[in-house]
Amino acid sequence: MSVSAPVDQGTSFPPLATVRATLRPRWYRSPIDPARLRALSRRSDRQGWWQAGGHASLFATTAALTLACWAAELWWAMLVALWCHGFVASFFSGTAPHELGHGTVFRSRRLNRVFLYVFSAISWWDPFDYAASHTYHHRYTTHPEADRENRLPITPSLRPGLVVQLLTVNLFSRPGRNFSKGGFFSAVRLTVRAAFDRPVRAEEAPSQEWLAALHADQPDLRRQSVLWSRTLLALHGGVLVVSVLSGAWIVPLLLTTAAFTANIGSYLVGVTQHCGLVENSTDFRKNTRSIRINPVLAFLYWHMNWHTEHHMYANVPCYNLPALARELAPDMPEPRSLTGAWREMRETWRRQQTDPNYSYDTPIPPPHDADTAGTESDAFASLGDLAPHGLRSTPHN
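Predicted model only: the values in this text are computed from it and were never measured.

Undergrad: In this structure, what is going on with the packing of aromatic side chains? I would like to understand it.
TA: Working definition: an aromatic ring pair is given by the centre-to-centre distance plus the angle between the planes. Here the structure, examined in full by the defined rule, presents 25 aromatic pairs. For the ring pair Tyr117 and Trp228, a centre distance of 5.8 Å and an interplane angle of 40° mean the geometry is tilted. Linking Tyr117 in helix H6 (residues 109-122) with Trp228 in helix H11 (residues 219-246), this pair joins segments that are 111 residues apart in sequence. Taking the relative accessible area as the measure of exposure, Trp228 reaches 10% and is therefore buried. Consider the rings of Trp125 and Tyr130, whose centres lie 5.0 Å apart with planes at 70°: the pair is edge-to-face. Judged by relative accessible area, Tyr130 falls into the buried class, the value being 8%. Site record: aromatic cluster; members linked through ring pairs are Trp49, Phe59, Phe92, Phe106, Phe115, Phe119 and Trp302. Lying across the ring of Tyr358, Arg351 places its NZ or CZ 4.0 Å from the centre.

Written out as structure tokens, the structure reads:
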């Protein structure tokens, strides 16, 4: 199945302030009992500690194991432990800061912020730019004039050179058309540019056009991003100095490059969210994809495999998304397996080589009688604490 959508040929988009005043999607959300939704939306410090603290504990455990193998000069064991450490740390980039940025993981806002900044610092993530980007992403999902966080079409690449880096250390991959800094060297370069407030050409990193639009719309965030980038350089520069002075060359591998090691898992699940699906739809079942994955991967992915459900009701904490998915299941398309999602994305990508307007139109259950259309304000209200100060005013309807 396919739908036609305009292909981006260097399109010039209007300012985001203009779009906010004119674009007012009426989102479809699958019906759920309001009392049940309120129960699922409750935040819990205990469950937050299990998710965020558990992920941090895995990171600390694999770091300690790698360090012990290094100290004992068990080099092959050290490499295996380092690979596992990177696999765990790779989900710090984007995944953990995503949920913590929504402010729904802990009941305590302070705990949300502490973990947000710690995970973001380790993974070279910018939580300030992302807060603005992701607010637009939820309010205008895959409407390109107001959501270019994942600018479609996205290539589900399995190029051998990329796969080798994803299986080892992602040093040289370049940022594409999504909110990402690419591999380690690209991330350092973009962070240095941001620290000195120097723009990056869109040819170097397509995502930079979106950042420029966000900074023009929210100048306060640009200043925060500059300060954060300088903080990242100072922190990781300090790690490097300590390792050189102490001779503990393993330390930067455990902290500075950890999130760029063994990225294969986070890449395979992360690309499935919107790749190959339709633009300009007001039905999250059409523009967002949910997948089934094993419990260990689901934990590391903070249950974002239930991504359609997350977009429908973003105020529901990640640890309650499996329960939300069961509630909405009668009105949802069958979730894909990970391999099924990749087959779907690759087939869509191959067809797009000859028909650039093609996208996969997900079959959905027949409509029911209830009126479940929601406004842009409904989407805004469901975002938790995500929106930065400049985007907290409720939009017009």
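Undergrad: Honestly, the pattern of salt bridges in this entry has me stumped. Any pointers?
TA: Between side chains of opposite charge, a pair can form when the charged atoms approach closely. Scanning the entire structure with this criterion turns up 13 salt bridges. Between Arg20 and Asp217 there is a salt bridge, with the nearest N and O atoms lying 2.8 Å from each other. Taken together, the residues span a long stretch of sequence, with Arg20 in helix H1 (residues 16-22) and Asp217 in helix H10 (residues 207-217) at a distance of 197 residues. You can call Arg20 partly exposed: its relative accessible area is 22%. Close ionic contact of Asp283 with Arg285 constitutes a salt bridge, the shortest N to O distance being 2.8 Å. Residue Asp283 is classed as buried on the basis of its relative accessible area of 11%. Salt bridges sharing partners connect three or more residues here, namely Asp283, Arg285 and Asp331.

Undergrad: Hey, could you run me through the nonpolar core in this one?
TA: Grouped burial of nonpolar side chains is what soluble globular proteins tend to show. If you look at the biggest cluster of nonpolar residues, it comprises 56 residues, and the most contacted ones within it are Leu100, Phe119, Val269, Ile293, Trp302 and Leu324. For this core, the element with the most residues is helix H17 (residues 321-328), which contributes 5 residues. Non-local contacts of Leu324, meaning those with residues more than four positions away in its chain, are made with Ile32, Leu40, Glu309, Tyr313 and Val316. Residues Val19, Trp125, Tyr140 and Ala213 belong to the second largest nonpolar core, which totals 20 residues.

Undergrad: Would you mind showing me how to read unusual backbone geometry here?
TA: Apart from glycine, the bulk of residues carry a negative phi angle, and the bulk of peptide bonds sit in the trans form. The omega angle of the peptide bond from Leu152 to Pro153 is 0°, so this bond is cis rather than trans. By the secondary structure assignment, Pro153 is in the loop between helix H7 (127-139) and helix H8 (160-167). For Thr142, which is not a glycine, the phi torsion comes out positive at approximately 55°. Residue Thr142 is classed as buried on the basis of its relative accessible area, which comes to 2%.

Undergrad: I would appreciate a short explanation of the environment of Leu214 in the present structure.
TA: Note that Leu214 resides in helix H10. A residue is classified by how much of its surface remains accessible, and Leu214, at 2% relative accessible area, is buried. Between the alpha carbons of Leu214 and Tyr130 there is a distance of 9.6 Å; along the sequence they are 84 residues apart. Beyond its immediate sequence surroundings of up to four residues, Leu214 is in contact with Leu16, Asp129, Ala132, Ser133 and Tyr136.

Undergrad: For this particular structure, what's the right way to read the packing of helix H3 (residues 45-71) against helix H4 (residues 75-89)?
TA: Pairs of packed helices are described in terms of their axes, by the angle between the two and the distance that separates them. Look at H3 against H4: their axes get within 8 Å of each other, and the N-to-C directions meet at 165°. Between H3 and H4, the angle falls in the class roughly antiparallel. Crossing of H3 against H4: the hand is left-handed. Contacts between H3 and H4 involve His55, Leu58, Phe59, Thr62, Ala63, Leu65, Thr66, Cys69 and Trp70 from the first element and Trp75, Ala77, Met78, Ala81, Leu82, Cys84, His85, Val88 and Ala89 from the second. A class-by-class count of the residues in the contact of H3 with H4 yields 14 nonpolar, 4 polar and no charged.

Undergrad: Can you help me understand helix H9 (residues 184-195) in this one?
TA: Because an α-helix completes one turn every 3.6 residues, residues spaced three or four positions apart along the sequence face the same direction. In a regular helix each residue adds 1.5 Å, so 12 residues correspond to 16 Å; H9 covers 16 Å between its end C-alpha atoms and thus fits that length. Of the positions making up H9, those classed as buried are Phe184, Ser186, Ala187, Leu190, Thr191, Arg193 and Ala195. Each element contacted by the buried residues of H9 is listed here: H10 and H11.

About the thresholds
Each chain carries its own residue numbering, running from 1 in the written order of its sequence. Confidence filtering applies because this is a predicted model: local features only for residues at pLDDT of at least 70, side-chain atom pairs given and counted only at 80 or more, and all residues used for totals across whole chains, interfaces and linings. To get the side-chain values, all heavy atoms of the structure are used, and hydrogens and water are removed first. Two rings from Phe, Tyr or Trp (for Trp, the six-membered ring) form a pair when their centres sit within 6.5 Å of each other. Planes less than 30 degrees apart are called stacked, planes more than 60 degrees apart edge-to-face, and all others tilted. Strands are runs of DSSP state E lasting at least two residues, helices are runs of H or I lasting at least four, and both sets are numbered from the N terminus onward. We call a residue buried when its accessible area falls under 20% of the maximum for its residue type, exposed when it is over 50%, and partly exposed in between, using a 1.4 Å probe and counting protein chains only. Consider the ring centre and the ring normal. A charge sits over the ring if Lys NZ or Arg CZ is within 6 Å of that centre and within 35 degrees of that normal. Salt bridge criterion: a side-chain nitrogen from Lys or Arg within 4 Å of a carboxyl oxygen from Asp or Glu. Working definition of a nonpolar core: buried Ala, Val, Leu, Ile, Met, Phe, Trp, Tyr and Cys residues. They are joined through side-chain atoms within 4.5 Å. Between two residues, a contact is recorded if the distance between any of their heavy atoms is within 4.5 Å. Lines fitted to C-alpha atoms define the axes here, with helix axes fitted over just the stretch in contact, and angles between the N-to-C directions of these axes take values from 0 to 180 degrees. With respect to orientation, any angle under 35 degrees is reported as roughly parallel, any angle over 145 as roughly antiparallel, any angle of 65 to 115 as roughly perpendicular, and every other angle as oblique. Crossing handedness follows the turn of the near helix against the far one: under a right angle anticlockwise gives a left-handed crossing, and clockwise gives a right-handed one. Under the convention adopted here, Pro, Cys and the residues Ala, Val, Leu, Ile, Met, Phe, Trp and Tyr are nonpolar, Asp, Glu, Lys and Arg are charged, and Gly plus all remaining residues are polar. Every helix has an expected span of 1.5 Å times one less than the residues it contains.

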